[in-house]
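Architecture and fold: a report
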Number of protein chains: 2
Amino acid sequence: MEPNVKLKKPEGTAKPAATWIWYPGDFEIRLLEKISVKRRMRGVMYPTTWRIDRHYSNVRFHYTYDLPEAETVRITAEGMFSLHLDGRDNIRTNDSIVTLPAGRHDLAICVYNDTEAPALFIEGENIRTDSSWKVTSYQSDFVNAGAWTFHSADNRPSQFRLALEPQEPVAREIQDGHELLDFGRETFGFLRFHGMKGEGKVQIYYGESMAEALSTEFSVLTDRFEAAAGAAYAEEGVYTLGESRAFRYVWIHAEPGVTWERVSMLYEYVPLDYRSSFQCSDPQLNEIYDMSLYTLHLNTREFFIDGIKRDRWVWSGDAYQSFLMNYYSFFDLDVTRRTLAALRGKDPLTMHINTILDYSFYWFISLYDYYLYTGDFGFVQQYYDRAVSLMEFCLKQRNEEGLVEGRPQDWVFVDWADLDNSGAVSTEQILLARSLEAMSLFASLLGDEAASASYTALAEEIKETTLRLFWDEEEGGLLHHRVDGETKPTLTKHAGMFAMTFGYLSPEQRESVIRNVLLNPDVPRIRTPYMRFHELAVLCESGEHDFVRKEILSYWGGMIKLGATSFWEEYDPSLADDAHYGMYGMPFGKSLCHAWGASPVYLIGKYFLGVTPSEPGYGKYRIEPNLGGLTQMKGTVPIGEGEVTVEMDLASIRVKTTSGTGVLAFVSSSEPSCNNGAVTAVGKNRYELIVEAGKTYTVAYAAVQKIEASVKG
Amino acid sequence: MEPNVKLKKPEGTAKPAATWIWYPGDFEIRLLEKISVKRRMRGVMYPTTWRIDRHYSNVRFHYTYDLPEAETVRITAEGMFSLHLDGRDNIRTNDSIVTLPAGRHDLAICVYNDTEAPALFIEGENIRTDSSWKVTSYQSDFVNAGAWTFHSADNRPSQFRLALEPQEPVAREIQDGHELLDFGRETFGFLRFHGMKGEGKVQIYYGESMAEALSTEFSVLTDRFEAAAGAAYAEEGVYTLGESRAFRYVWIHAEPGVTWERVSMLYEYVPLDYRSSFQCSDPQLNEIYDMSLYTLHLNTREFFIDGIKRDRWVWSGDAYQSFLMNYYSFFDLDVTRRTLAALRGKDPLTMHINTILDYSFYWFISLYDYYLYTGDFGFVQQYYDRAVSLMEFCLKQRNEEGLVEGRPQDWVFVDWADLDNSGAVSTEQILLARSLEAMSLFASLLGDEAASASYTALAEEIKETTLRLFWDEEEGGLLHHRVDGETKPTLTKHAGMFAMTFGYLSPEQRESVIRNVLLNPDVPRIRTPYMRFHELAVLCESGEHDFVRKEILSYWGGMIKLGATSFWEEYDPSLADDAHYGMYGMPFGKSLCHAWGASPVYLIGKYFLGVTPSEPGYGKYRIEPNLGGLTQMKGTVPIGEGEVTVEMDLASIRVKTTSGTGVLAFVSSSEPSCNNGAVTAVGKNRYELIVEAGKTYTVAYAAVQKIEASVKG
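Residues numbered from 1 in each chain as written. Chains lettered and ligands numbered in written order. Predicted model: local features only at pLDDT ≥ 70, side-chain atom pairs only at ≥ 80, totals over all residues.

**Observations concerning the relation of the copies chain B and chain A**
- The operation relating chain B to chain A is a screw motion whose rotation component is 180 degrees, with 0.0 Å of axial translation and a residual RMSD of 0.1 Å. The transformation relating the two chain copies, once decomposed into turn and shift, fits a two-fold axis. No C-alpha of chain B approaches the rotation axis more nearly than that of Pro 348 of chain B, which lies at 2.5 Å.
- Most of the interface of chain B is mirrored in chain A, where 97% of its interface residues again form contacts. (Least-squares fit on C-alpha atoms with pLDDT ≥ 70 in both. Contact = placed C-beta atoms within 7 Å.)

The following block contains the structure:
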């Protein structure tokens, strides 16, 4: 019931449209709450094994206006609301159309909602909700409201859903009397029954592999319904199942009385621009790149999740890699911000993010990367207080030597590997140091130089201690952990990789880690794409592109040879047949579409096409293309709003950019030339060229033949 | 849909019935969330002005059983659930009937509910949910489940509602053409329209006073509905309004087309035993006692609230007094426990309870009182960790002198009075010292002697500092506050009252506070029943019963003379007519039914009938009856499960008890005698008699004439 009042429409160069606002983070935290219980094991809920945070149910929005004349506004809220003016809290209204008096007034609107995040939408000629409004959770906080893209009263934040698109199976056959559908490749969505009739149960077995769909005993995802009940829910003859699932195959067992015309699905996805591209002389690498993009896209949802079948959870360490891949592909910042906000969640901090020590650190580093790739400090600022408190929480866990250790209740993960993570683990120290550097930068940008200096001093201290206590001259690398003041002799790749990535090693140490650790077959090899991400990245950082390309072809190409249509959680070439699908003690426990399987997107964009920001937000950047053994490649990398296109073969490099200023850097065995700018020699066959937006640069050069990486032993 | 399975019924001396369980405190916290938004200002929501805490939406229950044979159990949950055994979390079920295997097994049941507190009810022959089950919020906590009186699957915690009982108006008249109903006295419930017909709006004005109901502009509570819509919701011809309200009068304005047969109400209340009684030679005091009981009952609801019209909120300082009154009347521990649990709420502690510094302290003291009056240490133990963290939070606010101060965001309340509460307020130090003593006792009972000693040392230090810095020899009392190291000359009654109550003063100091502060007309008098509670209590502690009786007759009797049917939030005899109803800048802003108005229940039970526990749980207790100027009185006080009945006149005392061992103490100007035991002289005309349960003791004695309290001047 709403009075029939015509609101005055804005004229001329309009104020920005009104938008839904909420307590910052609460939209994301509520959305994560819903997503955190979506995982199913054969139809049964499997919620996350950490505290699910909750939005504030009771908040108050504030806005001060000053208007020459009274203004009528329309108020829509998600939840019960009441409005009062100028602190006169005994005089309230909950009318949806309100005329606000002229002059300067303080507007306060309480909103209560115990199911969805309280949200507010006010539209008037001048008075319109946006993120400049303040909001309090009644804790002496008074912060800018959160907002996103909900720009009309009807477009309610609580109703946010991903996009949908019909898809048809590519093949249909009968197996043991039951319909088996193949949707052609890994996909995600709601199964639909067209023209279903009759009575009886319908049982569905989903499979990421055909073997899984055909395993009525062990397929991870299943659905079951009564045909008549389903038919009753049908719209225009189509019954759409209530929950979306990950699958390529479905095997449908129905009781005899049940029939249908056909089965299709509604693909559920985030509409994303494929802003990157890569094409080279090796068709298999092209296929790997495209399949990586698709793998990443499927896992880019309400949040960056780890895997679409299992566990559909939001993990900080997994998201850290997805963020980076995303900067080299979709450059979608909405999912990034949602994920960062939701992962941090609410206080009190009693456990680490996802209960994992390293995963708290990845959150800081991800926030740093967000700033580096986007230049958007506003978002960082909004979450700075939560970053400070998370860091305080982490720093409490340092031992007498100043090294961070896991508490009994903490999971010190590092990697799926046979690691003893007791005591102080070197990798954790390096992640902490990097987190402190990020905090130092944020504090400095906020003008808090004292805090910044304090974070820097701590970072330096931890780096120094770590190199002093963990570096082993004989092994030529960083040892894994230190228990009760004694560094154990275990040598692993992890700490060395991260120390290299973050620039904590001297040139000699870097060289030693490459030769004596990363390329040393006696050091336990890394089996997860999760850590292969870092391993291959640092190898590229050290110029081992050719080695990395071969690894990509062998590892990711190996999955394709086994029929993968998206990349897996883990791949062990030594396994046979369906054994590939097993994990966690379940015959089909492995996720065959795992975000961290998509790292070629990142490796190729960053190290082959070679685009990296030199300052936050890509105002300046480097383009350091490297064929890595290919004879030709061409590709695009998004740089914020703009993009960089690189085309390269053994004799020419062509570069075009649409924003900012780039430096093209390359190696040439002969003096290069350029059609459109002056190439500068920087020594050792290295050359650089300043690249301005909007021009096309074509460089004639001569590729240097790369010598195979030498292996220790 | 549930399989038709017959559960084996328990035989013989049955295990206790299954009961609903939840994360401890979450039932109460969720209930408080709902109650915290019940307040209305003319139909508009006025939520509490502090953070509303929320239940965990995702918890996991655990139970280890060992059974010789398999057992079939029925599972009911509030929320989605999934069960797994022995940590095998990939094998789950959500069937409501499950057969659990024989042997020793660990049962884990995840329950998720984002609206109501997740709760679980499992019934089998041996396996039944109760508070011995463990529950975790996935924060490395593993605590005993919360439970109460929900002993059947259908009796769901989320559906908890107070009792209802039809009530009819005692008078009906037409005022300005509209029906005005009088329900005879202050009441609370849902208005009901019988046989309502026609179309048009119905507008209701509620009034605690007739003047309020007749003020269409300023009545605080209103309701409005469309008659046709209301009629559509009618059951058996009766339309019951959706929300319960506080009122005595209702004035009903309806548009011409609307008619009804009659209007009644559904009284909404907690069913309570009136376990105390009091009758004496003064009928007005009897009336005051009974009206106090009724006032307390109306405010004893889901929680102890402050006032039923306004603000229907749960305040720790108000509840502190209600708890004490309750021990002398209903002895209802359910409401007490609910209130204590809900007030403490959840972490993080960023603000004090109700945002008020003193109100955090009252929570500790209330918990202490709970233990003293009930002896139930189990409840204290369940909340001990939350007490520890609340104390840590409070102790952070000490200044360099070790005195607690309010932060800018804190409300340092003390009382509704013209007080400057800047700096360190003496009353707050005394409340903190008492809170620390409570913590010391709890720690000691838990066997943590180190923590206990530390709390005691802090309490002693704060007491010593407070007496040193605030005691003024010239004024003969405690000064009010100290700013920047300088004690200000303001003398108030508050600190002295609390210091006396908690026994922090020497006999000379006590005497001085009585004469020079409490009975000194130059010290600002206390206007709120809230602080009159403490003032009159300490006067009784000092033997000023006669003075207190007269004060009760004048103050509470004064309200009755003005037509009160329940006691008010504040009473100022100097006001005229309807001005009594105003407060907070509103003509009818005063609450005419306020819990803290009921303190005669406490004063009479504790100081006239004179019953107090000498050890936790009333195993031992004192009975120190005092006529305080009356010629005769008779009454009952509950002592846990039992009760004490006292009858006294100027020449005889009769005592009967049903549990524990009491000491009857009294003053007699001549040697007393007893029919049933040996009276012991303890000096200065004082005598004592051991009183065993089940016997009736009649003592012949001679009352001592009390000399009027002398007033300083």
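**Some details on the pairing of strand 14 (residues 171–175) of chain B**
Residues and elements named next belong to chain B.
- By the criterion of burial, strand 14 is predominantly exposed, with just zero of the five residues buried.
- As defined by bridge partners, strand 14 adjoins strand 15 (residues 178–194) across five bridges and the pair is classed as antiparallel. What sits directly across from Arg 172, in strand 15, is Leu 181.
- The loop that links strand 14 with its antiparallel partner strand 15 comprises two residues; one of these, Asp 176, has a positive phi angle of about 50 degrees. (Buried ≥ 20, exposed ≤ 12 C-beta atoms within 10 Å, placed from the backbone. Helix = DSSP H or I, 4+ residues; strand = E, 2+ residues; numbered from the N terminus. Pairing = 2+ DSSP bridges.)

**Things to note about the interface of chain B and chain A**
- Facing 38 residues of chain B, the contacting portion of chain A comprises 37 residues.
- Sorting the residues of the side of chain B that touches chain A by element identifies strand 3 (44–45), strand 6 (80–85) and strand 8 (103–112) of chain B as the ones contributing at least two each.
- Looking at the side of chain B that touches chain A residue by residue, the classes come out as 17 nonpolar, 14 polar and seven charged. (Nonpolar A, V, L, I, M, F, W, Y, C, P; charged D, E, K, R; others polar.)

**A few points about the nonpolar core**
- The biggest cluster of nonpolar side chains holds 205 residues, and the ones touching the most others in it are Phe 61, Leu 120, Val 250, Val 314 and Leu 367 of chain B.
- Looking at this core element by element, the count peaks at twelve residues for helix 7 (residues 357–374) of chain B.
- Ignoring anything within four residues of it in the chain, the contact list for Val 314 of chain B reads Leu 32, Ile 35, Phe 303, Phe 304, Ile 305, Ala 319, Thr 339, Ala 342 and Leu 343 of chain B.
- Among the nonpolar cores identified, the runner-up in size contains 204 residues, and Leu 285, Leu 340, Tyr 607 and Tyr 701 of chain A belong to it. (Core = buried A, V, L, I, M, F, W, Y, C linked by C-beta atoms within 7 Å.)

**Some words on the sheet that holds strand 22 (residues 424–425) of chain A**
Residues and elements named next belong to chain A.
- Within the open sheet, the three strands sit side by side as 22-25-26. Their pairing is antiparallel. Every interior strand has two partners, whereas the edge strands, strand 22 and strand 26 (486–487), have only one.
- Sheet topology places strand 25 (residues 481–483) next to strand 26; two bridges connect them, and they run antiparallel. Following the sheet pairing, Val 483 is matched in strand 26 by Glu 486.

**Side note on the environment of Pro 573 of chain A**
All names here are of chain A.
- With respect to the helices and strands, Pro 573 occurs in the loop between helix 14 (545–561) and helix 15 (600–608).
- Looking at Pro 573, the number of C-beta atoms within 10 Å reads 11, which means it is exposed.
- With eleven residues separating them in the primary sequence, Pro 573 and Leu 562 have C-alpha atoms 9.7 Å apart.

**As for the packing of helix 11 (residues 494–501) of chain B against helix 13 (residues 529–541) of chain B**
All names here are of chain B.
- Two numbers describe how helix 11 lies on helix 13: the axes approach to 9 Å, and their chain directions differ by 50 degrees. Classified by the angle their axes make, helix 11 and helix 13 are oblique. Read as a crossing pair, helix 11 and helix 13 show a hand that is left-handed. Counted together, His 494, Met 497, Phe 498, Met 500 and Thr 501 of helix 11 and Met 531, His 534, Glu 535, Ala 537, Val 538 and Glu 541 of helix 13 form the full contact between these two elements.
- Here the contact of helix 11 with helix 13 is composed, by residue class, of six nonpolar, three polar and two charged. (Axes fitted to C-alpha atoms, helices over the stretch in contact; angles between N-to-C directions. Parallel < 35°, antiparallel > 145°, perpendicular 65-115°, else oblique. Left-handed = near helix turned anticlockwise from the far one by under 90°.)

**Things to note about the domain arrangement of chain A**
- The domain boundaries assigned to chain A delineate domain 1 (21–159), domain 2 (163–269), domain 3 (277–606) and domain 4 (610–700).
- Placing a centre on the C-alpha atoms of domain 1 of chain A and another on those of domain 4 of chain A gives a separation of 47 Å. (Domains from an automatic or database assignment.)

**Topic: the environment of Gln 429 of chain A**
Residues and elements named next belong to chain A.
- Among the secondary structure elements, Gln 429 is positioned in helix 9 (residues 426–445).
- For Gln 429, a count of 31 C-beta atoms within 10 Å translates into the label buried.
- Separated by 262 residues in sequence, Gln 429 and Val 691 have C-alpha atoms that sit 39 Å apart.
- Look past the residues within four positions of Gln 429 in its chain and what remains in contact with it is Leu 403, Val 404, Ala 424, Ile 462 and Thr 466.

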